[in-house]
Amino acid sequence: MSKSRIEARFAALKAEGRAAFVPYVMAGDPDAATALAILKGLPGAGADLIEVGFPFSDPMAEGPPIQRAAQRALSKGMTLQGTLDQVRAFREGDQTTPVILMGYTNPLITWGLEAFARDASAAGVDGLIIVDTPPEESGPLADACDAHDISLIRLATPTSDDARLKVVVARTSGFVYYVSVAGVTGVKEADAEAVAPQVARVRRASGLPVAVGFGIKTPERAAAIARVADAVVVGSALVDEVAEAVALNEDVTARVLSKVAALAKAVRLARQDLATV
Amino acid sequence: MNAPNTAQPAIPNDYAAYPDARGRFGDYGGQYVPETLMPLVHDLDAAYAAAKADEGFQAELADYLIHYVGRPSPLYFAARLTEHFGGAKIYLKREELNHTGSHKINNCMGQILLAMRMGKTRIIAETGAGQHGVATATVCARFGLPCIVYMGAVDVERQKPNVFRMNLLGAEVRPVTSGSATLKDAMNEALRDWVTNVHDTYYLIGTAAGMHPYPAMVRDFQAIIGRETRAQILEMEGRLPDAVVACVGGGSNAIGLFHPFLNDEGVKIIGVEAAGSGLDSGRHAAAINGGRPGVLHGNLTYLLQDREGQIEEAHSISAGLDYPGIGPEHSWLHDVGRATYLSATDAESLDAFMLLSKLEGILPAIETAHALARIGDIAKDVGKGGIVVLNLSGRGDKDVNTVAAHLGRTI
Ligand SMILES: Cc1ncc(COP(=O)(O)O)c(C=O)c1O
């Protein structure tokens, strides 16, 4: 069921002739109840797939926005169990939108990889992205994911040459995540012109859809990437909306979902614009 | 292998044969880094292997260690300290006499030559006490390379003289305010810099931790300590010591002393971790004595962490030991039973600091003082007629403000 949720979604989007919009939100940010309200509202606001970050104390590949989001979530007591509870609650109302968990390996090792894959699958998780587990270290994780029908999604980067890409895409499924800038999340901006040939290269090497993320903040940039990639991921810009709404004492859910709607709309219209110009 | 075995791990025939090709010491070690860094880490591994096998590289390094660092460092018989405890003869390996005042420069000299060989033009480092930062800034000044040192904001505050020394040497010190604002956060920030500046930057890690090949490479560069000690004690006493002892933060001075003795069954190997306010207080930095295996900063090793696998802050009077992890080789030596890891509290270390100052006229680094806090027990345990060697990893001048504050004095 799980892997096929991702495959079905990309097949449907291909038929529609458009890219997916993939918001990244941090589980439990700014608190569990609000985060769940956001999660439940995402498909309605235009999310095609959802990435849910699970917080870690030392996120070495994240820039300040996601570091702070993780700190907010941890300070409110969010855990890996809490993250799975959120996904389970989301699944009660949505059986079709794929959910991918993204984070770091130590909480998973603490849980036990095999047990975690089983419990995540039961909660309705479709894929895992573990930032600090490259192919060299991911054998046991890949086994656990295979046993429980979860896609282990790998990252390709500007530093991946052709030989490296072969290693990266082995034992991966669902899609490949292309990290569009050498850097941490939420700092440098992705350049659609530089990204296009890289996406094509990753697609050729993997035979899978390619999502692009790290460094996409505005609807304009999202649209530009949507013309060349199969999916557009936005994370830092969304967690910044959470921070901003909390600081201004605004309705966090409404603020985040309106940003999601604007980004999703830009992605939906991106290729239509292209057809008319 | 992700999670460590609960079964008793195998005892190796040859300790020098580790890590294996995957960068593992038993289960520990590995390369848990973001994909962007993987090609760089592989490049580094290959470049280091080539340099290690290159006689020209080794000769150049040896030359700088003699004429710039001031090696070999003396092995000194501490007569009054020995007399004070009334047990085994205590020898001190005088790493505090190296240029810049600690063992850190041994590793920095090796890595800076490697960085230049690799054509890197920008050097970054993390530092806790500031000793590694100073040593890195020093070699960068010597070879004319720009140097950026990440340092926790808390450590910037408690190690001000070293911050100023780094500035004098031309380095830029970037205070890190994320997390606990200490050494682990400085390391996170250095890794983030490396991921962002992959084309020209060399990350000069200061301890035998992090992703492969750093634990092995830093150990190799520090193993000069143990090789010299071995030759010196054979010369002075005609036999090997009964025990070798060192403080353990990330574990570089310790593994440097230990490694050349690992295959000598008769030599006890003893590391001393920082117990902060006490192992039971929850405020300490003793990864082996108070933690369990997990993944941080690229390797599987013993870590301070909560039930959820979130990393916990370390606490120690010593900025250089204030780290929630430990190098993977130490985790393995502990599990296979080859090494023993004791601990010393802040208070015990302060007492040891004063004792060595008064008895031998040597102000030890507060890091080193942790090993000194256990040396009396060890010397008595080994007994009269025995020989123990303690690695005097650094000088205490940088710590006089900290010590004064704990004595309730202002200077
Ligand atoms: C003098 C001295 N000894 C020991 C240490 C601890 O590091 P390691 O365990 O890598 O030797 C430090 C770290 O700053 C230090 O300055």
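(A) Structural view of the packing of aromatic side chains. Residue and element names in this part refer to chain B. Tallying each qualifying case throughout the model produces 14 aromatic pairs over all chains. One Lys or Arg, Lys89, reaches over the ring of Phe77 and ends 5.1 Å from the middle of that ring. For Arg142, the ring lying beneath its charged end belongs to Phe143, and the centroid distance is 4.7 Å.

(B) Region of the structure containing empty space enclosed by the protein. In this structure the tally under the stated criterion is 7 cavities of 30 Å³ or more. Every residue lining the largest cavity is counted, 32 residues in all, and those nearest its centre are B:His103, B:Lys104, B:Gly320, B:Leu321 and B:Glu367. The set of elements that each furnish at least two residues to the lining of the largest cavity consists of strand 5 (122-127), helix 5 (131-143), helix 8 (183-196), helix 11 (252-258) and helix 15 (366-382) of chain B. Looking at side-chain class alone, the lining of the largest cavity contains 8 nonpolar, 19 polar and 5 charged residues. Of the voids in this model, the second largest cavity is the one considered here, and its volume is about 150 Å³. Forming the boundary of the second largest cavity are 18 residues, of which A:Ile66, A:Thr185, A:Phe214, A:Gly235 and A:Ser236 lie nearest the centre. At the level of elements, strand 9 (231-234) and helix 11 (236-247) of chain A are the ones that each hand at least two residues to the lining of the second largest cavity. Split into classes, the residues belonging to the lining of the second largest cavity amount to 9 nonpolar, 6 polar and 3 charged.

(C) Seen up close, the pairing of strand 2 (residues 28-32) of chain B. Residue and element names in this part refer to chain B. The buried fraction of strand 2 is high, at 5 of 5 residues. Pairing geometry for strand 1 (residues 24-25) and strand 2, over 2 bridges, is antiparallel. If you follow Arg24 over to strand 2, its bridge partner there is Gly29. Linking two consecutive strands that pair antiparallel, namely strand 1 and strand 2, is a turn of 2 residues; a positive phi of about 60° is found at Gly26 within it. Pairing of strand 2 with strand 12 (residues 298-303), which is carried by 2 bridges, proceeds in the antiparallel orientation. Paired with Tyr32 across the two strands is Gly298, which belongs to strand 12.

(D) Expanded view of helix 14 (residues 346-360) of chain B. All names here are of chain B. In a regular helix each residue adds 1.5 Å, so 15 residues correspond to 21 Å; helix 14 covers 21 Å between its end C-alpha atoms and thus fits that length. Restricting attention to buried positions, one finds in helix 14 the residues Asp346, Ser349, Leu350, Ala352, Phe353, Leu356, Ser357, Leu359 and Glu360. Of the surrounding secondary structure, the elements contacted by the buried residues of helix 14 are strand 3 (75-77), helix 3 (79-85), strand 4 (89-93), strand 13 (339-344), helix 15 and helix 16 (400-406). In the stretch just after helix 14, Gly361 is the one whose phi turns positive, near 70°.

(E) Just the site of the ligand, in detail. Residue and element names in this part refer to chain B. Residues in close proximity to the ligand total 18 residues, the closest being Thr207, Gly249, Gly251, Ser252 and Ser393. At 2.7 Å from an oxygen atom of the ligand is found a main-chain nitrogen or oxygen belonging to Gly249. At 2.7 Å from a nitrogen atom of the ligand is found a side-chain nitrogen or oxygen belonging to Ser393. For the ligand, whose free accessible area comes to 390 Å², the fraction covered by protein is 98%. Using a 2 Å cut-off from the grid points, one finds that the ligand occupies the largest cavity. The class makeup of the residues in the shell around the ligand is 5 nonpolar, 11 polar and 2 charged.

(F) Region of the structure containing unusual backbone geometry. Look at the link from A:Asp29 to A:Pro30: it is a cis peptide, with omega at 5°. Along the chain, the position of A:Pro30 falls in the loop between strand 1 (20-26) and helix 2 (32-45). The linkage connecting B:Tyr18 with the following residue, B:Pro19, adopts the cis geometry, with an omega of 5°. Turning to its location among the elements, B:Pro19 is positioned in the segment before strand 1. The phi angle at A:Arg171 is positive, at roughly 60°, despite the residue not being glycine. Turning to its location among the elements, A:Arg171 is positioned in the loop between helix 8 (162-169) and strand 7 (176-179). Unusually for a residue other than glycine, B:His297 sits at a positive phi of about 50°. In this fold, B:His297 is placed in the loop between strand 11 (292-296) and strand 12. Judged by relative accessible area, B:His297 falls into the buried class, the value being 2%.

(G) Structural context of helix 4 (residues 80-93) of chain A. In this model, helix 4 of chain A (14 residues) spans 21 Å end to end at C-alpha, consistent with the 20 Å of a helix rising 1.5 Å per residue. Put simply, A:Thr79 is the residue that caps the front of helix 4 of chain A, since its side-chain oxygen is 3.4 Å from the backbone nitrogen of A:Gln81.

(H) Looking closely at the sheet that holds strand 6 (residues 155-156) of chain A. All names here are of chain A. Taken in spatial order, the 9 strands of this open sheet run 5-4-3-2-1-9-8-7-6, and their pairing is parallel. Two strands lie at the open edges of the sheet, namely strand 5 (151-152) and strand 6, each paired on one side alone. Looking at chain direction, strand 3 (residues 99-103) and strand 4 (residues 127-130) are connected through 4 bridges and run parallel. Bridge assignment links Ile100 to a residue of strand 4, and that residue is Gly127.

(I) Molecular detail of the interface of chain A and chain B. In this complex, chain A contributes 37 residues to the contact, which on the side of chain B involves 38 residues. Taking both sides of the interface into account, the surface hidden between chain A and chain B amounts to around 3000 Å²; carbon and sulfur atoms contribute 54%. Interface area lost by chain A to chain B is led by A:Asp58, A:Met60 and A:Glu137, which between them contribute 24%. Run the count over chain A and chain B and you get 3 salt bridges.

(J) Representation of the pairing of strand 9 (residues 243-247) of chain B. Residue and element names in this part refer to chain B. Summarising burial for strand 9: 5 of the 5 residues are buried, a large majority. Of the pairings in the sheet, the one linking strand 9 to strand 10 (residues 268-274) comprises 5 bridges and is parallel in character. For Cys247, the partnering residue across the bridge sits in strand 10 and is Val272. Between the parallel pair strand 9 and strand 10, the chain is carried across by helix 11, and the sense of this crossover is right-handed. Across 3 bridges, the pairing between strand 9 and strand 14 (residues 387-391) is parallel. Of the residues in strand 14, the one forming a bridge with Ala243 is Val388.

(K) Focus on the sheet that holds strand 12 of chain B. Residue and element names in this part refer to chain B. Taken in spatial order, the 4 strands of this open sheet run 1-2-12-11, and their pairing is antiparallel. One side of each edge strand has no neighbouring strand; the edge strands of this open sheet are strand 1 and strand 11. Each of strand 1, strand 2 and strand 12 is contacted by helix 13 (residues 328-336), which is oriented at about 45° to strand 12, the strand it contacts most.

Basis of the calculations
- Residues numbered from 1 in each chain as written.
- Chains lettered and ligands numbered in written order.
- Predicted model: local features only at pLDDT ≥ 70, side-chain atom pairs only at ≥ 80, totals over all residues.
- Heavy atoms only, no water.
- Phe/Tyr/Trp six-rings, centres within 6.5 Å; stacked < 30°, edge-to-face > 60°.
- Lys NZ or Arg CZ within 6 Å of the ring centre and 35° of its normal.
- 1 Å grid on protein atoms, 1.4 Å probe; cavity = no way out; pocket = protein on both sides within 12 Å on 5 of 7 lines; lining within 4 Å.
- Points joined across faces, edges and corners; volume = space filled by probe spheres on them.
- Helix = DSSP H or I, 4+ residues; strand = E, 2+ residues; numbered from the N terminus.
- Nonpolar A, V, L, I, M, F, W, Y, C, P; charged D, E, K, R; others polar.
- Buried < 20%, exposed > 50% of the residue type's maximum accessible area, 1.4 Å probe, protein only.
- Pairing = 2+ DSSP bridges.
- Expected span 1.5 Å × (residues − 1).
- Contact = heavy atoms within 4.5 Å.
- Near = heavy atom within 4 Å.
- Polar contact = N/O pair within 3.5 Å; in protein donor to acceptor, adjacent residues only side chain to side chain.
- Areas by Shrake-Rupley, 256 points an atom, 1.4 Å probe, with all protein chains shown as cover.
- Sits in = over half its atoms within 2 Å of the grid points.
- Buried area = accessible area lost by both parts, 1.4 Å probe.
- Salt bridge = Lys/Arg side-chain N within 4 Å of Asp/Glu carboxyl O.
- Right-handed = clockwise from strand over helix to strand, strands pointing away.
- Axes fitted to C-alpha atoms, helices over the stretch in contact; angles between N-to-C directions.

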